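# Residue-level structure breakdown
If you want the building blocks of each chain, they are given just below.
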Amino acid sequence: MEETSLLWLLFLTSLLSCSTNQACLTVSPSSSQLFKDDFVSLSCEEDDSSAGWTLRRNTSKKQRTQCGDEWGKPAGSSCNISYIDPLESGVYWCEYREGAISNMVNLTVSGGSVILQSPVLPVMEGDDVTLLCQTKTPPSNLPAAFYKDGSLIRKQPTGHMTIQHVSRSDEGLYKCDIRGHGESPSSWITVKSTPEITELPTTPVSPLVIRLVFHLVVFCPYFISTLLMVSLYCQTASGNDLCPSILLTQPEQGLNDEYDDVITDVTTEHHF
């Protein structure tokens, strides 16, 4: 019971990962199903740094074991498994030393002769998704039947099927079958919704406001230039007693006149 609760806690936390600065777990080859004795490399990738992340997994035998502890070979922020075994089927994730975790990946290792190569990470709504029904020995392009949630959806003569413009209704449990070779395990395909872009509402600008702003834009340069001219005149006219009075009265008078003009225009516009 405690192990189940821990797994659910890790799963719910992983839903918030890969959309922030958390690391994302990637798998190479990018497939949720693998043959026994295949080589697989798992990596913790982050935008700015991958230091401090450790690969962990839950299997039917052991819970929350880390890479290098009886399985895998650590290589920096990656973990390489040279000959993976069906007993190593389970949930894999990256864990930071402070407790944060990445997305979780469910890997299925088959001891049979057929696997379904499907996306190991969730796919975005609207994307095209290709599924490949593959045998362990060549040829790998044999006719195959594809199933979703236990029901036959399509038979393909070349062994691969493309779902165009996937939607949430395409989410489900998929498997394939090749006559004479066998059936693959089932894998869940997750479809993520495309984020919506919300447009900000625009507020119309009143003509009265536009006219007032126009008067301010026209008046300010005139007022500033008048002050500069008076200041220069005061500096060049030595001993002139009129400078203080000019500085005090002339701009004020000009400001009052311009202000009266603006108010008159605004009032006229309003009454109209």
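Structure: see above.
Figured I'd write up the structure that's included with this text. For clarity, every value in this text was computed on a predicted model and none was experimentally measured. (Residues numbered from 1 in each chain as written. Predicted model: local features only at pLDDT ≥ 70, side-chain atom pairs only at ≥ 80, totals over all residues. Heavy atoms only, no water.)

A few words on the state of the cysteines. Scanning the entire structure with this criterion turns up three disulfides. Sulfur-sulfur distance for the disulfide between Cys44 and Cys94 comes to 2.1 Å. Sign of the S-S torsion, about -105° for the bond between Cys44 and Cys94, identifies this disulfide as left-handed. One end of the pair, Cys44, is in strand β3 (residues 40–45); the other, Cys94, is in strand β8 (residues 90–96), and 50 residues separate them in sequence. Here the two residues Cys44 and Cys94 agree in accessibility, since each one is buried. Between Cys133 and Cys176 runs a disulfide, and the two sulfur atoms are separated by 2.1 Å. One quick way to see it: the torsion about the S-S bond of Cys133 and Cys176 is about 80°, and its sign makes the bridge right-handed. With Cys133 in strand β12 (residues 129–135) and Cys176 in strand β16 (residues 172–178), this residue pair connects regions lying 43 residues apart in the sequence. (Disulfide = S-S within 2.5 Å. Helix = DSSP H or I, 4+ residues; strand = E, 2+ residues; numbered from the N terminus. Buried < 20%, exposed > 50% of the residue type's maximum accessible area, 1.4 Å probe, protein only.)

Remark: the centre distance and the inter-plane angle together describe each pair of aromatic rings, the angle taken between the planes. Within this structure, the stated rule accounts for two aromatic pairs. Plain terms: the ring middles of Trp53 and Tyr96 are 5.0 Å apart, the flat faces sit at 50° to each other, and that makes the pair tilted. In this pair, Trp53 is assigned in strand β4 (residues 53–59) and Tyr96 in strand β8, connecting sequence segments 43 residues apart. When its relative accessible area of 7% is taken as the criterion, Trp53 is described as buried. (Phe/Tyr/Trp six-rings, centres within 6.5 Å; stacked < 30°, edge-to-face > 60°.)

Read these as spatial facts, not as claims about activity.
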